[in-house]
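Here is what each chain is made of, one letter per residue.
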There are 2 protein chains.
Amino acid sequence: MQLNLHQTHHEIGDFEGIFKYLTTTFQDGRLKGLHLFPELFLTGYPLQDLVLKKSFIEDYLAFINDLSVWSERQFKAQKNESIALLLGGLTYQFDTMGIPLQIENVIYLLEPGEKIKAIYTKQLLPNYDLYEEKKYFTPGSGPAIFSFENKTIGLLICEDMWFSHLHEIDPVEQLKNHLENNNMHCDLVINLSASPYHLGKQEQRMARAMEISQYLQCPFAYVNRVGAEDEIIFDGQSFVSDGANIVVVAKMFKSDLLSLPLPKFSPPNKDQIRSLTINSNSWNTIFNTRLSADTLKLNQLKNEECHEIIEALILGIDDYSIKNRISKFSIALSGGMDSTLVLVILKLLKERAMRPIELEAVFMPGFFSSSLSYDLSYDLCQNLGIKLTSFPIKFIHSAIKNAYQDCFRDKFENLADENIQSRLRGALIYARSNAVGSMVLNTSNKSELSVGYSTLYGDSVGALSVLGDLYKSEVFNLALYINQQYKNIIPKEIISRAPSAELRENQEDVQSLPPYERLDPILEALLSLRFSPLDLIKKGHRSEEVIKINHLISISEYKRKQFCPIIKVKPKSFGFGYRVPISKKTFNP
Amino acid sequence: MQLNLHQTHHEIGDFEGIFKYLTTTFQDGRLKGLHLFPELFLTGYPLQDLVLKKSFIEDYLAFINDLSVWSERQFKAQKNESIALLLGGLTYQFDTMGIPLQIENVIYLLEPGEKIKAIYTKQLLPNYDLYEEKKYFTPGSGPAIFSFENKTIGLLICEDMWFSHLHEIDPVEQLKNHLENNNMHCDLVINLSASPYHLGKQEQRMARAMEISQYLQCPFAYVNRVGAEDEIIFDGQSFVSDGANIVVVAKMFKSDLLSLPLPKFSPPNKDQIRSLTINSNSWNTIFNTRLSADTLKLNQLKNEECHEIIEALILGIDDYSIKNRISKFSIALSGGMDSTLVLVILKLLKERAMRPIELEAVFMPGFFSSSLSYDLSYDLCQNLGIKLTSFPIKFIHSAIKNAYQDCFRDKFENLADENIQSRLRGALIYARSNAVGSMVLNTSNKSELSVGYSTLYGDSVGALSVLGDLYKSEVFNLALYINQQYKNIIPKEIISRAPSAELRENQEDVQSLPPYERLDPILEALLSLRFSPLDLIKKGHRSEEVIKINHLISISEYKRKQFCPIIKVKPKSFGFGYRVPISKKTFNP
């Protein structure tokens, strides 16, 4: 049996594109065997409220009907050949008023000459962090198998393989019982997934797949979605395990098609044996139970991790800009590390993109910008071959200051005077964006976002946040990695100079915040791991710093509420899966 | 039996305040009888991720322990008196690692001399629109009754009374079966709620309560939360039904305490009889099934509705600013109806507030602001007794234009030149906010928000949106109502003049959008009712307008993503319960 894993990407709701992909891919009868497509391949994922939208449903059902008609008529030519497609999609049942009564996340079977039909419904609906499938879908009520070329194939969809405390049933165990009760044995178990990327997730997937493969004594085929949807990256990396090993892995962050004969189950040797443990993946995603973590420092990103993150960010920017039909980018450079890294990532994107991409940098010096900031920005842009425009804000800043003092008969100083520079830069980079039709990318990092060390409508502007899931220390790791890979393309002083917002004389971040090497581990422990401020103080962190940071996180919720989507690269990000009320008592130790 | 309904408000997580309220209220032994408190009274609602936060849990459990200790020791003095408190709260079960294994939304019983104990768990967990209780809570597994002064009391929490297609069990029917199986009869059924306000909801609650009261043949007591939490308004309006009538209703939008003897069940007469129908409240909230609605015009708001909405908005602003410790407001006046209405609402708030509130208006004329806009703003502020400062942006605007043309050697015109004025105003009103420590309120309406007719970081700025759940035609209704109630406090020309953003010569909204009397019904039909563009065209709307509006809604998601919380007054708002991906194919008829 030939096994084909289609790791392809289409825009959410691109029914025309999906129809075309299927009909052209299968028109000439070259491809035989079993063809697997990701979860919700036929609609895109995540759909959120589109699932309920009437015009979406009408278009989708018309598309499903077209597929059936195509399969019954054109595809019929291959009726005597051994070919079957298993595709993720939705089924709808309506009540008498035409309102969706039941919506299921299913595996569709498409065979030559036959109508399309649903053969399995997802049973475990994730409803934690950014997932909210219980809001939209009705779970399936039992296991299902599918027979092809005299082989028995066990069916799973994404979360079905991730049994944990959070779920009442274990679809993998159910499948095993079902097979045993019917005196059957699986020749293959498949999982159609749309599994969002975060650092380290592929290892978890492969480890779990091996466990299941050994538990069911058959190979395991995992087909994952690829491509970015706003904040979510789907990394692909579809793979097949034969029980003892991962025999093949598809590309990361790219479309791919794996085609291979069904491998034989290979009993693991002693070192390869894994026991089926209750999985703690979803559990960790909510609670991050790594209580034993060393909270006093943040792990440095390894080179492979830096590579992976940069690739994820490139995909995130690329897909977001393609889908929103923009190919120009304007970046406000400050001479600091964050905006530098964003520009370098854009440059990497431009170099490999299949479409023309235009990049430009704008440096907007104010009264407190050092000449070094300009020089470093200039050198960087020279190295990257990107045009830099200097757009000084001093005169405009003065004009505002004078006008304010005249109109309000009051001084214009301190916070107001600092923030107006940042907001002016926000307005001006958007003026440029409006003038040339470019996209502005946000350059804030996760450390700033966590403690609200940013100006709302100032440096917080942008269509998409590139670094918002990376602490300042990690931005530092990435910058060093870039310089190691690309011959010091980043002027060294950008990396070594003290971080500053340059909004007042001799300002440095450390005047307002603990140094990042102390700030970042506290943030990670409070936000992603399961520590309370008191725990951290007991573990040796300075109590005044822990208390201050905890307070700053709590009172800066209103800024994050108005922030743009953040490309997610970690288990816990400030995206859709992070939900905290703005108004509340703050909890100090 | 004396029945007491405590409709009180405390900040989320204000355990100290809640402890103080309980211990002082019950210290002198004056209050006898049964005391009912809203759902999650002991924690606040909605908590979102705070439910899982370690320091929140630790503080909460310490507070519950303190309550038990107080009850066992001090409150013990009233042991021989007939008194019991039923309060909404949370229970936690942890696994061996100290991670929450099960979290339940419960009714706690507090009796003199006894430890506090949970006696019922909420069974129906709403998970639609802005609700996501299945994300955090485990549902209860059956009905419960409570005995007090030889009376049998049936227990329900909020959604438990709202059985619909969405739920698998009906707690009201369960309760009835439970009573019958035990040969018992209820003397009272209670519902502890935290039910968010929207226009018309109280009627639904009372109608449903009467149905249940008649079904169970006993009085029904409904205790609701009051106060605002970011976008959500809890309106209070706790009430008691005796089966035939609503015998008492607590204040709307205010704290209140109802105390009354338990009424006798009064069998309804022919006109009062209601049958227990499957409820369509939650169903409507998701799907808005009013397919028979007249889509060609939007219902005009009646006077009572105008009054109710204005009270809701006042509460929303008041609680948000109290909780975020701000008592000054700066409003950017444009001479148009939206900013005018926001200023009037603030004035109404100031007049009744128990704390000093400072208001100021800022008019920021540009090249295209008419002198009429200033004159009208001036007259309005005179009428309201609010200081108006004029802060012209022409010179700054010119300075930016010149600098841009110099630096980029390119023209500065069209969209860039229009939007910079709006962004400059956004930056300047926030400069003022920074200088005096005031809150900026957003003045956008729902029509603009829907079609993205606003400038991101420009007129879209603000801490809280006052009118974001009201279409322009409704803002018009409210302005007329205000003038009728308050002797034409709004200069009439503000209401009668053609809406304009005044960002270019002779600009009017109708140059970009259909007139609001045609735009608003289309928006309501697409966003809140269950119509597709094609339905609307069939019903007689102009097809080019429907197609354009549908497209504008779809492509402006990125602006709403970065918008502030919107005070919710309708069943469907652009708040937390509205979730649509930014990147997607748009669906046209």
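Residues numbered from 1 in each chain as written. Chains lettered and ligands numbered in written order. Predicted model: local features only at pLDDT ≥ 70, side-chain atom pairs only at ≥ 80, totals over all residues.

K.L.:
Go over the overall build of chain A, please, and point to the residues and values.
P.N.:
Assigned secondary structure in chain A consists of 18 helices and 19 strands. When the backbone C-alpha atoms are referred to their principal axes, chain A occupies close to 85 × 55 × 55 Å. Taking all 589 residues of chain A together, 55% fall into the buried category. Of the contacts made within chain A by residues no fewer than 6 positions apart, 73% connect residues no fewer than 24 positions apart. (Helix = DSSP H or I, 4+ residues; strand = E, 2+ residues; numbered from the N terminus. Buried ≥ 20, exposed ≤ 12 C-beta atoms within 10 Å, placed from the backbone. Contact = placed C-beta atoms within 7 Å.)

K.L.:
Residue-level account of the environment of Leu260(A), with values.
P.N.:
Among the secondary structure elements, Leu260(A) is positioned in strand β14 (residues 256–261). On the neighbour-count criterion, Leu260(A) (14 C-beta atoms within 10 Å) is partly exposed.

K.L.:
With reference to specific residues and values, describe the interface of chain A and chain B.
P.N.:
Many descriptions give the size of an interface as the accessible area lost when the pieces come together. Every contact between the two is made by 79 residues of chain A and, on the other side, 79 residues of chain B. Looking at the side of chain A that touches chain B, the elements that each hand over two or more residues are α2 (54–73), α3 (133–136), α6 (281–287), α7 (303–323), β17 (387–390), α10 (394–408), α11 (414–436) and α18 (557–561) of chain A. Its residues assigned to classes, the side of chain A that touches chain B comprises 45 nonpolar, 15 polar and 19 charged. (Nonpolar A, V, L, I, M, F, W, Y, C, P; charged D, E, K, R; others polar.)

K.L.:
I'd like a rundown of the relation of the copies chain A and chain B, residues and numbers included.
P.N.:
Of the two same-sequence chains, chain A is brought onto chain B (RMSD 0.0 Å, axial shift 0.0 Å) by a rotation of 180°. Seen this way, the second copy is the image of the first under a two-fold rotation axis. For chain A, the smallest separation between a C-alpha atom and the rotation axis is recorded for Gln562(A), amounting to 2.1 Å. The share of interface residues of chain A whose copies in chain B are also at the interface is 100%, consistent with both copies meeting through the same surface. (Least-squares fit on C-alpha atoms with pLDDT ≥ 70 in both.)

K.L.:
Please set out helix α5 (residues 201–216) of chain B residue by residue, giving values where relevant.
P.N.:
All names here are of chain B. Compared with an ideal rise of 1.5 Å per residue, which puts 16 residues at 22 Å, α5 spans 23 Å between its outermost C-alpha atoms and is within 8% of the ideal. Within α5 the residues assigned to the buried category are Gln202, Arg205, Arg208, Ala209, Met210, Glu211, Ile212, Ser213, Gln214 and Leu216. The inward-facing, buried residues of α5 abut β7 (151–157), α4 (171–181), β8 (188–193), β9 (220–224), β11 (232–235) and β12 (239–241). Backbone geometry just after α5 places Gln217 at a positive phi near 55°. (Expected span 1.5 Å × (residues − 1).)

K.L.:
Kindly report on unusual backbone geometry, identifying the contributing residues and their values.
P.N.:
Residue and element names in this part refer to chain A. Following Tyr45, the chain continues to Pro46 via a peptide bond in cis, the omega torsion being -5°. If you trace the backbone, Pro46 turns up in the loop between β2 (33–36) and α2. One non-glycine residue, Gln217, adopts positive backbone phi at about 55°. The topology assignment puts Gln217 in the loop between α5 (201–216) and β9 (220–224).

K.L.:
Run through the pairing of strand β11 (residues 232–235) of chain A, naming residues and quoting values.
P.N.:
Side chains of β11(A) alternate between two faces, with Ile232(A) and Phe234(A) and Ile233(A) and Asp235(A) buried alike. Counted between consecutive antiparallel strands, the loop separating strand β10 (residues 226–229) of chain A from β11(A) contains 2 residues, among which Asp230(A) sits at a positive phi close to 55°. (Pairing = 2+ DSSP bridges.)

K.L.:
Could you give me a rundown of the pairing of strand β2 (residues 33–36) of chain B, with the residues and numbers involved?
P.N.:
Walk down a regular strand and you will see the side chains alternate between the two sheet faces. Residue and element names in this part refer to chain B. Judged from the 3 bridges that link them, strand β1 (residues 2–7) and β2 form a sheet pairing that is parallel. Within β2, the residue paired with Leu5 across the bridge is Leu36. Running through helix α1 (residues 15–25), the crossover from β1 to the neighbouring parallel element β2 is right-handed. Sheet analysis places β2 next to strand β3 (residues 83–94), joined by 4 bridges and oriented parallel. Its bridge partner being in β3, Gly33 is matched across the sheet by Ile83. (Right-handed = clockwise from strand over helix to strand, strands pointing away.)

K.L.:
With reference to specific residues and values, describe the domain arrangement of chain A.
P.N.:
Residue and element names in this part refer to chain A. As assigned here, chain A comprises domain 1 (2–287) and domain 2 (303–513). Between the C-alpha centres of domain 1 and domain 2 the distance comes to 40 Å. Taken together, the contact pairs 9 residues of domain 1 with 10 residues of domain 2. Its residues placed into classes, the side of domain 1 that touches domain 2 shows 6 nonpolar, 1 polar and 2 charged. (Domains from an automatic or database assignment.)

K.L.:
Tell me about the sheet that holds strand β15 (residues 328–333) of chain A, and name the residues and values.
P.N.:
Residues and elements named next belong to chain A. Read across the open sheet, the 5 strands follow the order β17-β16-β15-β18-β19; overall the sheet is parallel. Both edges of this open sheet fall to β17 and β19 (464–465), since each of them pairs with a single strand only. Sheet topology note: the strand β18 (residues 439–442)/β19 ladder contains 2 bridges and is parallel. Bridge pairing links Asn442 to Ser465 in β19. The sheet strands contacting helix α8 (residues 337–352) are β15, β16 (358–363) and β18, and the helix crosses β15 at an angle near 155°. (Axes fitted to C-alpha atoms, helices over the stretch in contact; angles between N-to-C directions.)

K.L.:
Please give an account of the confidence of the model for chain A that cites residues and values.
P.N.:
Across chain A, the average pLDDT comes to 93, with 96% of residues at 70 or higher. Here the predicted complex scores 0.96 on pTM and 0.96 on ipTM. (pLDDT = per-residue confidence, 0-100.)

K.L.:
Kindly report on α4(B), identifying the contributing residues and their values.
P.N.:
All names here are of chain B. Within α4, the full set of buried residues consists of Pro171, Val172, Leu175, Lys176 and Leu179. The buried residues of α4 occupy one face: seen down the axis, they fall within an arc of 145°. Exposed residues on α4 whose side chains face more than 90 degrees from its buried face are Asn177, Glu180 and Asn181. Contacts from the buried residues of α4 go to β7 and α5. Residue Asn183 follows α4 closely and has a positive phi angle near 55°. (Arc of directions from axis to C-beta.)

K.L.:
Outline the environment of Val342(B), listing residues and values.
P.N.:
Tracing the backbone shows Val342(B) in helix α8 (residues 337–352). If sequence neighbours within four positions are ignored, Val342(B) has contacts with Ile331(B), Leu441(B), Thr443(B), Val466(B) and Leu467(B).

K.L.:
Lay out the sheet that holds β9(B) with the relevant residues and their values.
P.N.:
Residue and element names in this part refer to chain B. Taken in spatial order, the 6 strands make up an open sheet running β6-β7-β8-β9-β12-β13, and their pairing is mixed. In this open sheet, the two edge strands, each paired with only one partner strand, are β6 (145–148) and β13 (246–249). In this sheet, adjacent strand axes meet at a mean angle of 20° when their direction is disregarded. The pairing of β8 with β9 spans 5 bridges and is classified as parallel. When the sheet's bridge partners are listed, Leu192 is paired in β9 with Val223. Its contacts with the sheet place α5 against β7, β8, β9, β12 and β13, and it is angled at close to 145° to β9.

K.L.:
Can you tell me about the packing of helix α15 (residues 516–527) of chain B against helix α17 (residues 543–555) of chain B, naming the residues and giving the values?
P.N.:
Residue and element names in this part refer to chain B. Two elements in contact, α15 and α17, have axes separated by 10 Å at closest approach and are oriented at 60°. By the angle class used here, α15 and α17 are oblique. Note on packing geometry: the crossing formed by α15 with α17 is right-handed. Only Glu545, Val546, Ile549, Asn550 and Ile553 of α17 make contact with α15, whose side of the interface consists of Arg518, Leu519, Ile522, Leu523 and Leu526. In terms of residue class, the contact of α15 with α17 is made up of 7 nonpolar, 1 polar and 2 charged. (Parallel < 35°, antiparallel > 145°, perpendicular 65-115°, else oblique. Left-handed = near helix turned anticlockwise from the far one by under 90°.)

K.L.:
Which residues make up the environment of Pro267(A), and what are the values?
P.N.:
All names here are of chain A. Mapped onto the fold, Pro267 is located in the loop between β14 and α6. Under the C-beta neighbour-count criterion, Pro267 is labelled exposed, with 11 such atoms within 10 Å. Sequence-wise, Pro267 and Gln217 are 50 residues apart; in three dimensions their C-alpha atoms are separated by 7.6 Å. Other than its neighbours up to four places away in sequence, Pro267 contacts Gly243 and Ala244.

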